[in-house]
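Here are the chains, one letter per residue:
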Amino acid sequence: MLTFTIRRLLFAIPTLLFIALVIFMLLELAPGDPMANVPLTVPAEVKEQMRQALGLGEPAPIRFYKWIIQFFWIEPLNVFDALFGTTFAEGKLRIISWQNRAPVFMAIAERIPQTLWVVGTAYVVAILIAIPVGIYSAYKQYSVFDQAGTFVTMIGFSVPPFFSGVLVIIIFAVQLRWFPSIYDTRLVVDSWESFGMQVRQMFLPVMVLALQITSQLSRFMRASMLDNLNQDYVRTARAKGLRERTVVLVHVLRNSMIPVVTVIALSVPAIFGGAIITEQVFKVNGIGQLLITAIQANDLPMVQTLTFIFAVLIVLFNLIADVLYGILDPRIRYD
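Since the structure is predicted, the reported quantities are computational estimates derived from the model, not experimental observations.

Let's talk about the nonpolar core
Membership of the largest hydrophobic core comes to 75 residues, with the highest contact counts inside it found for M221, M225 and M302. The leading source of residues in this core is helix 9 (residues 244-282), at 15 residues. Split by domain, this core shows at least three residues from each of two domains, domain 1 (1-102) and domain 2 (111-332). Not counting residues up to four positions away in its chain, the partners in contact with M302 are S97, V104, A107, I108, L290 and A294.

Notes on helix 7 (residues 192-229)
Counted at 1.5 Å a residue, the expected span for helix 7 with its 38 residues is 56 Å, but the 46 Å between its end C-alpha atoms falls short. The largest bend in helix 7 amounts to roughly 40 degrees and is located at F203, with the proline P205 lying one to four residues further along.

Quick look at the confidence of the model for the chain
With 88% of its residues at a pLDDT of 70 or more, the chain shows a mean pLDDT of 79. Ranking the elements of the chain by mean pLDDT puts helix 2 (residues 44-53) last, at 69, and helix 4 (residues 104-139) first, at 84.

Topic: the packing of helix 6 (residues 161-175) against helix 7
Running from N to C, helix 6 and helix 7 point in directions that differ by 140 degrees, and their axes come no closer than 10 Å. The pairing of helix 6 with helix 7 is recorded here as oblique in orientation. Crossing geometry of helix 6 relative to helix 7 is assigned as right-handed. For the pair helix 6 and helix 7, contact is made by P161, S164, G165, V168, I169, F172 and A173 and by L204, M207, V208 and Q212, respectively.

Some remarks on the packing of helix 4 against helix 7
Contact geometry of helix 4 with helix 7 gives a least axis separation of 5 Å together with a crossing angle of 35 degrees. For the pair helix 4 and helix 7, the crossing hand works out as right-handed. Looking at the contact of helix 4 with helix 7, its residues break down into 26 nonpolar, 6 polar and 1 charged.

How each quantity is defined
- Residues numbered from 1 in each chain as written.
- Predicted model: local features only at pLDDT ≥ 70, side-chain atom pairs only at ≥ 80, totals over all residues.
- Heavy atoms only, no water.
- Core = buried A, V, L, I, M, F, W, Y, C linked by side-chain atoms within 4.5 Å.
- Buried < 20%, exposed > 50% of the residue type's maximum accessible area, 1.4 Å probe, protein only.
- Helix = DSSP H or I, 4+ residues; strand = E, 2+ residues; numbered from the N terminus.
- Domains from an automatic or database assignment.
- Contact = heavy atoms within 4.5 Å.
- Expected span 1.5 Å × (residues − 1).
- Bend = angle between axes of the 7 residues up to and from the residue.
- pLDDT = per-residue confidence, 0-100.
- Axes fitted to C-alpha atoms, helices over the stretch in contact; angles between N-to-C directions.
- Parallel < 35°, antiparallel > 145°, perpendicular 65-115°, else oblique.
- Left-handed = near helix turned anticlockwise from the far one by under 90°.
- Nonpolar A, V, L, I, M, F, W, Y, C, P; charged D, E, K, R; others polar.

Spelled out as C-alpha coordinates, the structure:
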(Lines give C-alpha, C1' and ligand atoms only; values in the text may rest on other atoms or scores of the structure.)
Protein backbone atom coordinates (compact mmCIF):
# COMPACT_ATOMS: atom_id res chain seq x y z
CA MET A 1 0.00 0.00 0.00
CA LEU A 2 2.81 2.41 0.85
CA THR A 3 4.58 1.71 -2.45
CA PHE A 4 1.35 2.27 -4.36
CA THR A 5 0.69 5.56 -2.53
CA ILE A 6 4.19 6.86 -3.24
CA ARG A 7 3.92 5.82 -6.89
CA ARG A 8 0.57 7.60 -7.25
CA LEU A 9 1.94 10.73 -5.61
CA LEU A 10 4.87 10.78 -8.03
CA PHE A 11 2.53 10.26 -10.96
CA ALA A 12 0.36 13.13 -9.71
CA ILE A 13 3.20 15.63 -10.16
CA PRO A 14 3.25 15.67 -14.00
CA THR A 15 -0.54 15.47 -14.01
CA LEU A 16 -0.84 18.60 -11.88
CA LEU A 17 1.81 20.41 -13.92
CA PHE A 18 -0.13 19.68 -17.09
CA ILE A 19 -3.38 20.87 -15.47
CA ALA A 20 -1.63 24.05 -14.29
CA LEU A 21 -0.36 24.69 -17.83
CA VAL A 22 -3.85 24.22 -19.30
CA ILE A 23 -5.39 26.60 -16.74
CA PHE A 24 -2.66 29.18 -17.37
CA MET A 25 -3.07 29.02 -21.16
CA LEU A 26 -6.86 29.29 -20.96
CA LEU A 27 -6.60 32.38 -18.77
CA GLU A 28 -4.00 33.83 -21.12
CA LEU A 29 -6.47 33.49 -23.99
CA ALA A 30 -9.33 34.95 -21.96
CA PRO A 31 -10.30 38.55 -22.86
CA GLY A 32 -9.87 41.36 -20.38
CA ASP A 33 -7.28 43.77 -19.05
CA PRO A 34 -6.20 44.00 -15.38
CA MET A 35 -5.92 47.76 -15.88
CA ALA A 36 -9.56 48.04 -16.97
CA ASN A 37 -10.70 49.06 -13.46
CA VAL A 38 -8.03 51.75 -13.13
CA PRO A 39 -9.55 55.27 -13.36
CA LEU A 40 -9.31 56.95 -16.76
CA THR A 41 -7.48 59.89 -15.18
CA VAL A 42 -4.41 57.71 -14.59
CA PRO A 43 -1.82 58.47 -17.32
CA ALA A 44 -0.88 55.74 -19.80
CA GLU A 45 2.74 55.62 -18.62
CA VAL A 46 1.59 55.05 -15.05
CA LYS A 47 -0.64 52.20 -16.21
CA GLU A 48 2.31 50.68 -18.03
CA GLN A 49 4.42 50.91 -14.86
CA MET A 50 1.62 49.19 -12.94
CA ARG A 51 1.48 46.50 -15.60
CA GLN A 52 5.23 45.93 -15.28
CA ALA A 53 4.93 45.79 -11.48
CA LEU A 54 2.36 43.02 -11.84
CA GLY A 55 4.81 41.04 -13.99
CA LEU A 56 2.79 41.36 -17.19
CA GLY A 57 5.73 42.64 -19.17
CA GLU A 58 7.46 39.25 -19.12
CA PRO A 59 6.83 36.42 -21.62
CA ALA A 60 4.13 33.89 -20.79
CA PRO A 61 6.57 30.96 -20.18
CA ILE A 62 8.48 33.04 -17.62
CA ARG A 63 5.30 34.05 -15.82
CA PHE A 64 4.10 30.42 -15.74
CA TYR A 65 7.44 29.22 -14.35
CA LYS A 66 7.39 31.89 -11.65
CA TRP A 67 3.83 30.99 -10.68
CA ILE A 68 4.75 27.31 -10.37
CA ILE A 69 7.70 28.17 -8.11
CA GLN A 70 5.53 30.46 -6.02
CA PHE A 71 2.71 27.92 -5.63
CA PHE A 72 4.79 24.82 -4.88
CA TRP A 73 7.74 26.37 -3.03
CA ILE A 74 7.37 29.95 -1.82
CA GLU A 75 3.80 29.66 -0.49
CA PRO A 76 4.53 26.42 1.46
CA LEU A 77 7.61 28.14 2.90
CA ASN A 78 5.42 31.00 4.10
CA VAL A 79 3.13 28.51 5.80
CA PHE A 80 6.15 26.86 7.43
CA ASP A 81 7.41 30.26 8.61
CA ALA A 82 4.02 31.11 10.10
CA LEU A 83 3.85 27.81 11.98
CA PHE A 84 7.41 27.64 13.31
CA GLY A 85 8.54 31.29 13.35
CA THR A 86 11.31 30.81 10.78
CA THR A 87 12.28 33.26 8.00
CA PHE A 88 12.93 30.97 5.02
CA ALA A 89 10.48 32.84 2.76
CA GLU A 90 11.44 36.33 3.87
CA GLY A 91 11.83 38.69 0.91
CA LYS A 92 10.51 36.20 -1.65
CA LEU A 93 7.73 37.36 -3.96
CA ARG A 94 4.40 35.61 -3.30
CA ILE A 95 1.39 35.22 -5.62
CA ILE A 96 -0.18 38.67 -5.52
CA SER A 97 -3.83 39.40 -6.23
CA TRP A 98 -4.35 42.09 -8.85
CA GLN A 99 -7.57 43.15 -7.18
CA ASN A 100 -6.41 43.94 -3.63
CA ARG A 101 -2.60 43.88 -4.10
CA ALA A 102 -2.26 41.32 -1.29
CA PRO A 103 -1.01 37.71 -1.29
CA VAL A 104 -3.61 35.39 -2.77
CA PHE A 105 -3.19 32.76 -0.07
CA MET A 106 -3.91 35.30 2.66
CA ALA A 107 -7.31 35.99 1.11
CA ILE A 108 -7.94 32.26 0.73
CA ALA A 109 -6.97 31.62 4.35
CA GLU A 110 -9.45 34.28 5.48
CA ARG A 111 -12.31 32.84 3.43
CA ILE A 112 -11.81 29.08 3.68
CA PRO A 113 -13.10 28.68 7.29
CA GLN A 114 -16.52 29.95 6.20
CA THR A 115 -16.63 27.50 3.28
CA LEU A 116 -15.48 24.60 5.47
CA TRP A 117 -18.15 25.40 8.06
CA VAL A 118 -20.91 25.19 5.45
CA VAL A 119 -19.57 22.58 3.00
CA GLY A 120 -18.03 20.33 5.65
CA THR A 121 -21.16 20.28 7.79
CA ALA A 122 -23.38 19.68 4.75
CA TYR A 123 -21.24 16.77 3.61
CA VAL A 124 -21.20 15.10 7.03
CA VAL A 125 -24.97 15.52 7.39
CA ALA A 126 -25.53 14.17 3.88
CA ILE A 127 -23.42 11.05 4.48
CA LEU A 128 -25.12 10.34 7.83
CA ILE A 129 -28.53 10.52 6.15
CA ALA A 130 -27.80 9.05 2.71
CA ILE A 131 -26.14 5.78 3.73
CA PRO A 132 -28.90 4.57 6.14
CA VAL A 133 -31.61 5.69 3.70
CA GLY A 134 -29.92 3.87 0.82
CA ILE A 135 -29.47 0.68 2.89
CA TYR A 136 -33.07 0.57 4.10
CA SER A 137 -34.48 1.48 0.67
CA ALA A 138 -32.59 -1.42 -0.92
CA TYR A 139 -33.55 -3.88 1.83
CA LYS A 140 -37.20 -2.82 1.60
CA GLN A 141 -37.28 -2.51 -2.17
CA TYR A 142 -40.55 -1.12 -3.62
CA SER A 143 -41.92 -0.43 -0.15
CA VAL A 144 -43.61 2.86 0.77
CA PHE A 145 -40.34 4.09 2.30
CA ASP A 146 -38.45 3.21 -0.89
CA GLN A 147 -40.99 4.94 -3.13
CA ALA A 148 -41.03 8.05 -0.95
CA GLY A 149 -37.24 8.10 -0.80
CA THR A 150 -36.99 7.78 -4.57
CA PHE A 151 -39.42 10.66 -5.05
CA VAL A 152 -37.59 12.97 -2.62
CA THR A 153 -34.13 12.14 -3.95
CA MET A 154 -35.19 12.70 -7.56
CA ILE A 155 -36.51 16.13 -6.65
CA GLY A 156 -33.41 16.97 -4.61
CA PHE A 157 -31.09 15.87 -7.41
CA SER A 158 -33.06 17.66 -10.14
CA VAL A 159 -33.66 21.03 -8.49
CA PRO A 160 -30.60 23.36 -8.87
CA PRO A 161 -29.20 25.10 -5.76
CA PHE A 162 -30.02 28.58 -7.02
CA PHE A 163 -33.73 27.63 -7.08
CA SER A 164 -33.87 25.57 -3.88
CA GLY A 165 -31.83 28.23 -2.08
CA VAL A 166 -34.25 31.01 -2.97
CA LEU A 167 -37.18 28.72 -2.16
CA VAL A 168 -36.01 27.93 1.39
CA ILE A 169 -35.22 31.62 1.98
CA ILE A 170 -38.79 32.55 1.04
CA ILE A 171 -40.29 29.82 3.22
CA PHE A 172 -38.08 29.72 6.32
CA ALA A 173 -36.58 33.24 6.38
CA VAL A 174 -39.24 35.50 4.89
CA GLN A 175 -42.53 33.74 5.70
CA LEU A 176 -41.77 31.81 8.90
CA ARG A 177 -38.77 33.93 10.03
CA TRP A 178 -37.11 30.95 11.67
CA PHE A 179 -33.65 31.47 10.18
CA PRO A 180 -31.68 34.43 8.80
CA SER A 181 -31.44 34.71 5.02
CA ILE A 182 -27.92 36.20 4.99
CA TYR A 183 -24.86 34.50 6.47
CA ASP A 184 -23.02 36.85 8.86
CA THR A 185 -19.32 36.09 8.43
CA ARG A 186 -18.40 38.58 11.17
CA LEU A 187 -20.00 36.41 13.84
CA VAL A 188 -17.48 35.19 16.42
CA VAL A 189 -18.41 31.93 18.16
CA ASP A 190 -17.28 32.46 21.77
CA SER A 191 -20.37 31.47 23.77
CA TRP A 192 -23.34 29.14 23.64
CA GLU A 193 -25.52 32.00 22.44
CA SER A 194 -23.21 32.82 19.54
CA PHE A 195 -22.93 29.10 18.76
CA GLY A 196 -26.71 28.92 18.50
CA MET A 197 -26.68 31.91 16.16
CA GLN A 198 -24.01 30.19 14.04
CA VAL A 199 -26.14 27.04 13.81
CA ARG A 200 -29.22 29.06 12.83
CA GLN A 201 -27.44 30.94 10.04
CA MET A 202 -25.80 27.74 8.77
CA PHE A 203 -29.06 25.79 8.66
CA LEU A 204 -30.41 27.01 5.30
CA PRO A 205 -27.20 26.78 3.20
CA VAL A 206 -26.37 23.42 4.79
CA MET A 207 -29.92 22.21 4.02
CA VAL A 208 -29.60 23.18 0.35
CA LEU A 209 -26.19 21.52 -0.10
CA ALA A 210 -27.04 18.44 1.98
CA LEU A 211 -30.23 17.83 0.01
CA GLN A 212 -28.31 17.68 -3.25
CA ILE A 213 -25.51 15.48 -1.85
CA THR A 214 -27.94 13.15 -0.04
CA SER A 215 -29.99 12.64 -3.20
CA GLN A 216 -26.94 11.50 -5.12
CA LEU A 217 -25.34 9.33 -2.45
CA SER A 218 -28.54 7.58 -1.40
CA ARG A 219 -29.28 6.50 -4.98
CA PHE A 220 -25.77 5.08 -5.38
CA MET A 221 -26.02 3.36 -2.00
CA ARG A 222 -29.37 1.79 -2.89
CA ALA A 223 -28.17 0.55 -6.30
CA SER A 224 -24.98 -0.89 -4.84
CA MET A 225 -26.85 -2.67 -2.04
CA LEU A 226 -29.31 -4.18 -4.52
CA ASP A 227 -26.43 -5.56 -6.59
CA ASN A 228 -24.94 -7.31 -3.57
CA LEU A 229 -28.12 -8.54 -1.85
CA ASN A 230 -28.67 -11.10 -4.63
CA GLN A 231 -25.11 -12.44 -4.67
CA ASP A 232 -24.25 -16.06 -3.80
CA TYR A 233 -22.21 -15.15 -0.73
CA VAL A 234 -25.31 -13.54 0.82
CA ARG A 235 -27.35 -16.71 0.39
CA THR A 236 -24.44 -18.71 1.82
CA ALA A 237 -24.22 -16.44 4.85
CA ARG A 238 -27.94 -16.81 5.47
CA ALA A 239 -27.74 -20.58 5.02
CA LYS A 240 -25.04 -20.71 7.71
CA GLY A 241 -27.53 -19.24 10.16
CA LEU A 242 -26.08 -15.74 10.49
CA ARG A 243 -28.44 -13.11 11.75
CA GLU A 244 -30.03 -10.94 9.06
CA ARG A 245 -28.60 -7.83 10.71
CA THR A 246 -25.07 -9.29 10.47
CA VAL A 247 -25.55 -10.33 6.85
CA VAL A 248 -26.76 -6.90 5.74
CA LEU A 249 -24.65 -4.57 7.89
CA VAL A 250 -21.39 -6.54 7.80
CA HIS A 251 -21.13 -8.58 4.63
CA VAL A 252 -23.36 -6.72 2.17
CA LEU A 253 -22.62 -3.21 3.41
CA ARG A 254 -18.86 -3.59 3.23
CA ASN A 255 -18.90 -4.72 -0.39
CA SER A 256 -21.53 -2.15 -1.30
CA MET A 257 -19.44 0.72 0.07
CA ILE A 258 -16.70 0.27 -2.56
CA PRO A 259 -18.44 2.17 -5.41
CA VAL A 260 -20.02 4.57 -2.93
CA VAL A 261 -16.58 5.52 -1.60
CA THR A 262 -15.66 6.60 -5.12
CA VAL A 263 -18.70 8.85 -5.29
CA ILE A 264 -18.05 10.30 -1.83
CA ALA A 265 -14.38 10.99 -2.51
CA LEU A 266 -14.83 12.47 -5.97
CA SER A 267 -17.82 14.56 -4.90
CA VAL A 268 -15.83 16.56 -2.34
CA PRO A 269 -14.09 18.81 -4.92
CA ALA A 270 -17.35 19.06 -6.87
CA ILE A 271 -19.16 20.25 -3.76
CA PHE A 272 -16.58 23.01 -3.28
CA GLY A 273 -17.39 24.08 -6.83
CA GLY A 274 -21.12 23.68 -6.35
CA ALA A 275 -20.99 25.73 -3.17
CA ILE A 276 -20.14 28.75 -5.32
CA ILE A 277 -23.82 29.17 -6.19
CA THR A 278 -25.01 28.51 -2.64
CA GLU A 279 -22.53 31.03 -1.24
CA GLN A 280 -23.82 33.63 -3.67
CA VAL A 281 -27.44 32.97 -2.70
CA PHE A 282 -26.84 33.15 1.06
CA LYS A 283 -24.02 35.73 0.91
CA VAL A 284 -21.52 33.38 2.51
CA ASN A 285 -18.17 35.15 2.30
CA GLY A 286 -16.26 32.01 1.35
CA ILE A 287 -14.12 30.58 -1.42
CA GLY A 288 -16.97 30.54 -3.94
CA GLN A 289 -17.75 34.21 -3.54
CA LEU A 290 -14.03 34.99 -3.67
CA LEU A 291 -13.77 33.19 -7.03
CA ILE A 292 -16.80 35.01 -8.47
CA THR A 293 -15.40 38.37 -7.32
CA ALA A 294 -12.00 37.55 -8.83
CA ILE A 295 -13.57 36.60 -12.17
CA GLN A 296 -15.60 39.81 -12.27
CA ALA A 297 -12.49 41.87 -11.47
CA ASN A 298 -10.34 39.95 -13.99
CA ASP A 299 -8.00 38.98 -11.14
CA LEU A 300 -6.16 36.22 -13.02
CA PRO A 301 -3.71 35.19 -10.22
CA MET A 302 -6.63 34.60 -7.84
CA VAL A 303 -8.70 32.74 -10.45
CA GLN A 304 -5.73 30.63 -11.51
CA THR A 305 -4.79 29.72 -7.95
CA LEU A 306 -8.33 28.82 -6.84
CA THR A 307 -8.98 26.78 -9.99
CA PHE A 308 -5.74 24.88 -9.53
CA ILE A 309 -6.57 24.21 -5.87
CA PHE A 310 -9.79 22.54 -7.04
CA ALA A 311 -7.72 20.41 -9.43
CA VAL A 312 -5.37 19.42 -6.58
CA LEU A 313 -8.39 18.37 -4.51
CA ILE A 314 -9.64 16.15 -7.35
CA VAL A 315 -6.26 14.39 -7.68
CA LEU A 316 -5.92 14.05 -3.89
CA PHE A 317 -9.36 12.55 -3.34
CA ASN A 318 -8.84 10.16 -6.26
CA LEU A 319 -5.82 8.84 -4.36
CA ILE A 320 -7.80 8.63 -1.11
CA ALA A 321 -10.53 6.63 -2.88
CA ASP A 322 -7.97 4.15 -4.27
CA VAL A 323 -6.42 3.67 -0.83
CA LEU A 324 -9.84 3.09 0.75
CA TYR A 325 -10.56 0.36 -1.81
CA GLY A 326 -7.79 -1.75 -0.32
CA ILE A 327 -9.20 -1.24 3.17
CA LEU A 328 -12.78 -2.13 2.25
CA ASP A 329 -11.99 -5.07 -0.06
CA PRO A 330 -9.18 -7.41 1.08
CA ARG A 331 -9.06 -8.92 -2.42
CA ILE A 332 -7.56 -5.68 -3.75
CA ARG A 333 -3.78 -5.66 -3.47
CA TYR A 334 -1.57 -2.88 -4.76
CA ASP A 335 1.91 -4.21 -3.88
